[in-house]
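Results of the structural survey
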Amino acid sequence: MSEHDELEALRDQVETRAYIDQALTKLFAPEDEALAAARKAPQQHDMPSIEISPLQGKLLQVLALACGAKRILEIGALAGYSGLWLARALPPDGRLISLEISEQHAAVARASWERAGLGDRAEVRVGPAEELLPALQSEAPFDLVFIDADKPSYPTYLDWALKLTRPGSIIVADNCIRRGVPLREDSESSTDPATAALYTYDQRVAADPRLLSVALPLSKDDGMDGFAISVVRAVAPAEG
Ligand code: SAM
């Protein structure tokens with residue numbers, strides 16, 4: 001194949017991926033006003049636009065319904081975009097607790113949920129998640145835990161997620177693929193704490209006999225990043 005043909009094939013591939021992503025989003029994850037406002041809120045408040053994609057939001061809803069979630073724990077609220085998808089999967093007496101280190105982000109998230117009429121079931125607690133997590137033991141078990149905050153703490157958040165869930169609960173973590181970097185064997189000894197922690201997270205959820213896990217490339221940056229999804233097992237898998 002000539003260089004020109006290779007480039008054309010590559011362009012075709014990129015355009016097809018973008019088309020599929022747009023078409024799937026339109027079909028499965030269209031946004032109403034409240035979701036669109038929550039997605040745009042970071043730009044309007046001088047915050048980073050690092051929320052999940054609409055399709056990831058819809059997947060969180062599917063998972064929440066699949067495990068009959070009544071209590072959901074989120075680590076990392078930003079402007080409340082993922083929290084809104086999650087809270088909408090809750091029954092009226094359900095509860096979303098989101099942990100957020102930034103007062104400003106927490107206020108914007110609260111406003112997003114109020115605007116969507118979900119202020120009664122979605123709550124944000126302000127502080128470093130590591131300090132807030134121990135107090136949640138009295139409110140456990142959570143049916144779904146979504147981890148999407150500072151990457152170096154992911155292994156610690158996994159420890160807490162395992163303590164705060166029950167058999168059948170689902171644990172989801174974003175950014176576990178990151179262009180394949182945390183999947184490389186040499187990432188275990190990476191000098192970048194985020195890469196080393198994501199490596200550890202992926203290895204642990206893949207191998208822990210208490211979990212059944214998979215990771216899916218599904219994100220707004222051309223599917224180069226995505227979720228690790230784990231179900232807490234009721235019984236250990238059979239040998240062999
Ligand atoms: N889940 C959000 C969404 O998709 O709409 C995006 C969350 S954003 C990627 C990460 C958030 O985690 C930021 O708002 C950041 O302030 C918060 N964060 C960072 N470190 C934290 C910590 N130690 N404890 C709690 N929140 C933290």
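These figures come from a predicted structure and were not determined experimentally.

What counts, and at which threshold
- Residues numbered from 1 in each chain as written.
- Predicted model: local features only at pLDDT ≥ 70, side-chain atom pairs only at ≥ 80, totals over all residues.
- Heavy atoms only, no water.
- Core = buried A, V, L, I, M, F, W, Y, C linked by side-chain atoms within 4.5 Å.
- Buried < 20%, exposed > 50% of the residue type's maximum accessible area, 1.4 Å probe, protein only.
- Helix = DSSP H or I, 4+ residues; strand = E, 2+ residues; numbered from the N terminus.
- Near = heavy atom within 4 Å.
- Polar contact = N/O pair within 3.5 Å; in protein donor to acceptor, adjacent residues only side chain to side chain.
- Areas by Shrake-Rupley, 256 points an atom, 1.4 Å probe, with all protein chains shown as cover.
- Nonpolar A, V, L, I, M, F, W, Y, C, P; charged D, E, K, R; others polar.
- Axes fitted to C-alpha atoms, helices over the stretch in contact; angles between N-to-C directions.
- Contact = heavy atoms within 4.5 Å.
- Phe/Tyr/Trp six-rings, centres within 6.5 Å; stacked < 30°, edge-to-face > 60°.
- Pairing = 2+ DSSP bridges.
- Right-handed = clockwise from strand over helix to strand, strands pointing away.

This next bit is on the nonpolar core. In this structure, Ile72, Leu96, Leu144, Phe146, Val172 and Phe227 are the most contacted members of the largest nonpolar core, which totals 34 residues. Broken down by secondary-structure element, the contributors of at least two residues to this core are helix H2 (33-44), helix H3 (54-66), helix H4 (81-87), helix H5 (103-115), strand E3 (122-126), strand E4 (142-147), strand E5 (165-173) and strand E7 (226-232). Counting residues in hydrophobic clusters, the runner-up holds 26 residues, among them Leu99, Leu136, Tyr157 and Val205.

Positionally, glutamine 43 belongs in helix H2. The exposure class assigned to glutamine 43 is exposed, which follows from its relative accessible area of 60%. Taking the C-alpha atoms as reference points, glutamine 43 and alanine 79, separated by 36 residues in sequence, lie 9.9 Å from one another.

Time to look at the site of the ligand. Near the ligand lie 21 residues; those nearest to it are Ser82, Glu100, His105, Ala129 and Asp148. Note that an oxygen atom of the ligand is positioned 3.3 Å from one of the backbone N or O atoms of leucine 78. In the complex, 89% of the free accessible area of the ligand, which totals 610 Å², lies under the protein chains. Listing elements by their share of the shell around the ligand, those giving two or more residues are H4 and strand E2 (95-100). The residue makeup of the shell around the ligand, split by class, is 12 nonpolar, four polar and five charged.

Let us look at the packing of helix H7 (residues 154-164) against helix H8 (residues 193-207). Interaxial distance between H7 and H8 falls to 8 Å at its minimum, and their mutual angle equals 35°. Listed contacts from H8 to Tyr154, Pro155, Leu158, Asp159 and Leu162 of H7 are Ala197, Leu198, Thr200, Tyr201, Arg204 and Val205.

The final tally for this structure, using the stated rule, is three aromatic pairs. Here phenylalanine 146 and phenylalanine 227 contribute two aromatic rings whose centre-to-centre distance is 5.6 Å and whose plane-to-plane angle is 70°, an arrangement assigned as edge-to-face. Of this pair, phenylalanine 146 sits in strand E4 while phenylalanine 227 sits in strand E7, and the two are 81 residues apart along the sequence. The residues phenylalanine 146 and phenylalanine 227 share a single accessibility class, namely buried.

A separate point is the pairing of E4. Within E4, six of the six residues are buried, which leaves the element mostly enclosed by the surrounding structure. Pairing geometry for strand E1 (residues 71-75) and E4, over four bridges, is parallel. Residue pairing across strands places isoleucine 75 opposite isoleucine 147, the latter belonging to E4. At this point the chain moves from E4, through H7, to the parallel E5, and the crossover so formed is right-handed.

Looking along the chain, the bond that leaves alanine 140 and enters proline 141 is cis, with omega of 5°. Along the chain, proline 141 turns up in the loop between helix H6 (129-132) and E4. Residue asparagine 175 is not a glycine yet carries a positive backbone phi of 70°. Its place among the elements puts asparagine 175 in the loop between E5 and H8. Looking at asparagine 175, the relative accessible area reads 14%, which means it is buried. Although it is not a glycine, arginine 179 adopts a positive phi angle of roughly 55°. Positionally, arginine 179 belongs in the loop between E5 and H8.

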